[in-house]
Amino acid sequence: MSTLYDYRWHQEGRYIAILQRSIDSVYDPYLSLADDLFITPSVSDSSAVYLRYTVTQTAPSSETVDLGLSQNLSLAVVHYVKARLAEEKEDFKWQFYHTSQFYKYLSRDQMNKKGGPRVVLPKHSGQVIKTTFGE
Amino acid sequence: MKLLEVMERCGIKEPERAKVYITDALYEMQSLIPEKTTGQKINVVADQRLYSWPSNMVRLLGVYKKYDTDGKYIRIPSIQRIDLIDEITSTAAAAEEDIIVV
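Computed from a predicted model, the values in this text were never measured in an experiment.

Calculation rules
- Residues numbered from 1 in each chain as written.
- Chains lettered and ligands numbered in written order.
- Predicted model: local features only at pLDDT ≥ 70, side-chain atom pairs only at ≥ 80, totals over all residues.
- Heavy atoms only, no water.
- Helix = DSSP H or I, 4+ residues; strand = E, 2+ residues; numbered from the N terminus.
- Buried < 20%, exposed > 50% of the residue type's maximum accessible area, 1.4 Å probe, protein only.
- Contact = heavy atoms within 4.5 Å.
- Areas by Shrake-Rupley, 256 points an atom, 1.4 Å probe, with all protein chains shown as cover.
- Pairing = 2+ DSSP bridges.
- Axes fitted to C-alpha atoms, helices over the stretch in contact; angles between N-to-C directions.
- Phe/Tyr/Trp six-rings, centres within 6.5 Å; stacked < 30°, edge-to-face > 60°.
- Buried area = accessible area lost by both parts, 1.4 Å probe.
- Salt bridge = Lys/Arg side-chain N within 4 Å of Asp/Glu carboxyl O.
- Polar contact = N/O pair within 3.5 Å; in protein donor to acceptor, adjacent residues only side chain to side chain.

Colleague: Explain the overall build of chain A residue by residue, including any values.
Modeller: Helix and strand content of chain A: two helices and three strands. When the elements of chain A are put in sequence order from the N terminus, they spell out β-β-β-α-α. Every one of the 135 residues in chain A was classed for burial, and the buried ones make up 36%. When contacts within chain A are restricted to residue pairs at least 6 apart in sequence, long-range pairs at least 24 apart make up 25% of them. Approximately 8,800 Å² of chain A is accessible, and the part contributed by carbon and sulfur atoms is 53%.

Following this line, the structure appears as structure tokens:
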């Protein structure tokens with residue numbers, strides 16, 4: 001029977017460290033600590049580790065090129081730029097206002113991507129609450 | 001929304017200045033919400049622990065591993081307990097590159 005491996009990762013400075021440990025086909029939760037250590041991968045693995053992340057974006061080179069963002073995110077960008085301009089003028093009241101607007105439009109964009117009504121349920125209720133929208 | 005429209009709304013006349021601010025805004029936005037995401041595969045090599053982060057990464061959303069048993073990518077957790085790692089020698093090796101001799 002082939003050996004199975006369990007993987008973990010952690011950040012070491014500017015690197016990501018991939019760790020590996022061999023596990024038995026039958027999981028034993030009472031392994032001793034020495035057997036439980038994660039070590040540097042001892043064998044190569046063709047099936048890769050996959051990182052999912054957000055990437056940097058740059059502003060368009062031309063003035064007539066669209067930013068490629070939704071309306072809410074475009075307005076968020078406008079408020080961010082206004083906040084930076086207010087910061088340069090040391091107008092911290094308007095900087096605070098535009099920064100809060102920036103976060104507001106970001107959250108609004110995220111909330112718009114979740115369909116359906118949002119109902120606040122009481123804690124530990126377990127009851128099904130009947131909504132009466134449109135009545 | 002076009003770059004020109006952003007400049008008009010903000011009252012900026014210099015395009016290069018607007019581009020710098022918009023680039024900052026996009027970076028801040030990407031660090032908060034996953035607007036534009038991508039992925040990268042890292043091949044696990046024997047006796048190599050450290051791998052470089054992607055150069056264009058803003059925020060990590062997850063690390064996944066494809067196990068041979070079922071062929072699906074499964075999210076692998078980060079290790080928090082340092083006593084479960086055999087040795088920390090690789091940290092010192094990585095830190096050597098950052099040492100600045102005065």
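Colleague: Describe the sheet that holds strand β1 (residues 37-44) of chain B, naming the residues involved and giving the relevant values.
Modeller: The strand order β1(B)-β3(A)-β3(B)-β4(B) describes an open sheet built from four strands, whose pairing is antiparallel. Pairing within the sheet leaves two strands with one partner each, and these edge strands are β1 and β4 (73-75) of chain B. This sheet shows a mean twist of 35° between the axes of neighbouring strands, independent of strand direction. Of the strand pairs in this sheet, strand β3 (residues 57-66) of chain B and β4(B) are connected by three bridges, and their pairing is antiparallel. Within β4(B), the residue paired with B:Lys65 across the bridge is B:Ile74. Across the face of the sheet, helix α2 (residues 15-32) of chain B comes into contact with β3 (45-55) of chain A together with β3 of chain B while running at roughly 35° to β3(B).

Colleague: Just give me the short version of the packing of aromatic side chains, but keep the residues and values in it.
Modeller: Residue and element names in this part refer to chain A. Throughout the structure, instances matching the rule amount to six aromatic pairs over all chains. Centre to centre, the rings of Tyr80 and Phe102 are 5.3 Å apart; their planes meet at 55°, and the pair counts as tilted. Here Tyr80 is found in helix α1 (residues 71-88), whereas its partner Phe102 is found in helix α2 (residues 92-112), with 22 residues between them in sequence. By relative accessible area, Tyr80 is classed as buried at 14%.

Colleague: Describe the pairing of β3(B), listing the residues and the values that go with them.
Modeller: Of all 10 residues that make up β3(B), seven are buried, and the element is covered over most of its length. Pairing geometry for β3(A) and β3(B), over seven bridges, is antiparallel. Note that in β3(B) the partner of A:Arg52 across the bridge is B:Gly62.

Colleague: Let's hear about the pairing of strand β2 (residues 15-23) of chain A: which residues, and what values?
Modeller: Counting buried positions over the nine residues of β2(A) gives seven, a clear majority of the element. Between strand β1 (residues 4-12) of chain A and the antiparallel strand that follows it, β2(A), lie two residues; A:Gly13 among them carries a positive phi value of about 65°. Here β2(A) pairs with strand β2 (residues 50-52) of chain B via three bridges, running antiparallel. Within β2(B), the residue paired with A:Ile16 across the bridge is B:Tyr51.

Colleague: Requested: an account of the interface of chain B and chain A, with residues and values cited.
Modeller: Opposite the 73 residues of chain B that make contact, chain A presents 68 residues. Between chain B and chain A, roughly 7,300 Å² of surface is buried when both sides are summed, and carbon and sulfur atoms account for 62% of that area. The largest per-residue losses of area from chain B upon contact with chain A belong to B:Met1, B:Val44 and B:Trp53, which jointly make up 10% of the total buried on that side. Across the chain B-chain A interface, the total number found is four salt bridges. Among the salt bridges present, the one from A:Glu88 reaches B:Arg17, with a minimum N-O distance of 2.5 Å. Linking chain B with chain A are 29 residue pairs in polar contact (both at pLDDT 80 or more), by the criterion used here.

Colleague: Quick one: what's the story with the sheet that holds β2(A), residue by residue and with numbers?
Modeller: In space, the three strands of this open sheet follow the order β1(A)-β2(A)-β2(B), with antiparallel pairing throughout. The strands lining the two open edges of the sheet, one partner per strand, are β1 of chain A together with β2 of chain B. The mean inter-strand angle of the sheet, taken between neighbouring strand axes irrespective of direction, is 30°.

Structural measurements only, silent on function.
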